[in-house]
Amino acid sequence: MLESQEMRKVYCDTMIALAKEDPRIVDVEADLTGAHGMKPFKAAYPDRSFNVGIAEANMVGVAAGLSACGKIPFVHSFATFASRRCFDQIAISVCYAGLNVKIVGSDPGVGAELNGGTHMALEDMGIMRSIPEVRVIEPTDTVMIRAILPQIVDHYGVDYIRMARKKVYTVYSKDADFTIGSANICREGSDITIIANGIMVHEALTAAEKLEQMDGIQARVVDMFTLKPIDAECIIASAKKTGAIVTAENHSVHNGLASAVAEVVVQNYPVPMGFVGVDDLFGEVGSQKELMQRFSLTSDAIYEKALHVLRRK
């Protein structure tokens, strides 16, 4: 079921708590303080909140300067603008300079909904994983965002956090534990592995239930919430255990999760694979539900892809 709180609300509450303990944490916005739910943070820490206006590249430059002065800046914008629009500033001013900046890209993929193709980040994870030493993370639900934010603060370096703003489906119990860089096995199975992230984890679990009920197929479901560094050990173990893999992502199938998993598989333990994601298309206007149908980002699409891959096993 959908969670009771939006991701941005839990994110902001957690950031306020972390900032209370660590005075180095600052918030840098590109005129989206309200959209990202960070008004309570600004109210709590007005001297640690900076709105640079609709100037994302400048926002990253400001963050670089703050980091050089010993702060831990978290910068926020929609995922398209937090990645594609300011790629050069991220790569050179922050990463190449060896600074400590946290980049939060919201409304990933079809989460942009009615903002349409101009705001629909379908390539942001590919962009960010191409930069040396950047960690790329997509929190699955509010339980996970609470758990991993302290790890992000404690890590010196650049993290790209691809995060839904609104309500998502509950995947984890409140006592669940996570380690950045280690995949989470949500469901065990021996016939095929479904590796997913973000909103597609819920779809993968639904598809796995359908595979069992309709076909007696036992699907292992892996939440690869850290795209980089990817958990190669888990991927190889899954390939050996099940002999077939399907990936599912709210992102282009080019240079995202599908590509990252395939890179590990082809070099270590080749097995039949199939990809569920956006296949070489621009985003469109629509509700998230409509867009998931339009781009085949559904449990039914994962189910059909799994059957197709199993026939090649």
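Before any of the text, the structure's been laid out above.
What comes next concerns the included structure. The structure displayed is predicted, hence computed values, not measured ones.

**Notes on the packing of helix H8 (residues 200-215) against helix H12 (residues 299-312)**
Axis separation between H8 and H12 bottoms out at 8 Å; the angle between their running directions is 55°. Of the possible angle classes, the one that applies to H8 and H12 is oblique. Once H8 is placed against H12, the crossing between them reads as right-handed. Taken together, the residues of H12 that come into contact with H8 (itself represented by Met-200, Glu-203, Ala-204, Thr-206, Ala-207, Lys-210, Leu-211, Met-214 and Asp-215) are Ser-299, Asp-300, Ile-302, Tyr-303, Ala-306 and Leu-307. Looking at side-chain class alone, the contact of H8 with H12 contains nine nonpolar, two polar and four charged residues.

**Looking at the packing of helix H3 (residues 56-68) against helix H5 (residues 87-96)**
Viewed as axis vectors pointing N to C, H3 and H5 meet at an angle of 10°, and their least axial separation amounts to 9 Å. Our classification of the angle between H3 and H5 gives roughly parallel. On H5, the residues touching Ala-57, Val-60 and Ala-64 of H3 are Gln-89, Ile-90, Ser-93 and Val-94.

**Here's the deal with helix H7 (residues 142-154)**
Because each turn of an α-helix spans 3.6 residues, side chains separated by three or four positions in sequence point in the same direction. With 13 residues, H7 extends 19 Å between its outermost C-alpha atoms, agreeing within 8% with the 18 Å of an ideal straight helix rising 1.5 Å per residue. The axis of H7 is deflected most strongly, by about 30°, at Ile-148, and proline Pro-150 appears within four residues downstream. The complete set of buried residues in H7 reads Thr-142, Val-143, Met-144, Ile-145, Ile-148, Leu-149, Ile-152 and Val-153. N-capping of H7 is provided by Asp-141, with a side-chain oxygen placed 3.2 Å from the backbone N of Val-143.

**Let's talk about the sheet that holds strand E9 (residues 219-223)**
Spatial ordering of the open sheet is given by E7-E9-E8-E11-E12, a layout of five strands whose pairing is mixed. Every other strand in the sheet has two partners, leaving strand E7 (184-187) and strand E12 (273-278) as the edge strands with one partner each. Taken over all neighbouring pairs, the strand axes of this sheet differ in orientation by 25° on average, direction set aside. Against the sheet, helix H9 (residues 232-242) engages E7, strand E8 (192-196), E9 and strand E11 (245-252), with an angle of about 175° to E9. Seen against the sheet, helix H10 (residues 257-268) touches E8, E11 and E12 and runs at an angle of roughly 145° to E11.

**Some words on the pairing of E11**
Counting buried positions along E11 yields eight of eight residues, so the element is predominantly enclosed. Here E11 runs beside E12; their pairing, made up of five bridges, is parallel. Bridge pairing in E12 places Ala-248 opposite Val-276.

**Looking at the nonpolar core**
Within the largest apolar cluster, 44 residues are counted, with the highest numbers of intra-cluster contacts made by Ile-103, Met-128 and Ile-245. Where this core is concerned, the elements lending two or more residues are strand E1 (25-29), H3, helix H4 (79-83), H5, helix H6 (124-129), H9 and H10. Ignoring any residue separated from it by four or fewer positions in sequence, one finds Met-128 in contact with Ser-83, Ile-90, Ile-103, Val-134, Val-136 and Tyr-160. Membership of the second largest hydrophobic core comes to 33 residues, among which are Val-110, Ala-204, Leu-205 and Val-246.

Cut-off values and rules
Residues numbered from 1 in each chain as written. Predicted model: local features only at pLDDT ≥ 70, side-chain atom pairs only at ≥ 80, totals over all residues. Heavy atoms only, no water. Axes fitted to C-alpha atoms, helices over the stretch in contact; angles between N-to-C directions. Helix = DSSP H or I, 4+ residues; strand = E, 2+ residues; numbered from the N terminus. Parallel < 35°, antiparallel > 145°, perpendicular 65-115°, else oblique. Left-handed = near helix turned anticlockwise from the far one by under 90°. Contact = heavy atoms within 4.5 Å. Nonpolar A, V, L, I, M, F, W, Y, C, P; charged D, E, K, R; others polar. Expected span 1.5 Å × (residues − 1). Bend = angle between axes of the 7 residues up to and from the residue. Buried < 20%, exposed > 50% of the residue type's maximum accessible area, 1.4 Å probe, protein only. Polar contact = N/O pair within 3.5 Å; in protein donor to acceptor, adjacent residues only side chain to side chain. Pairing = 2+ DSSP bridges. Core = buried A, V, L, I, M, F, W, Y, C linked by side-chain atoms within 4.5 Å.

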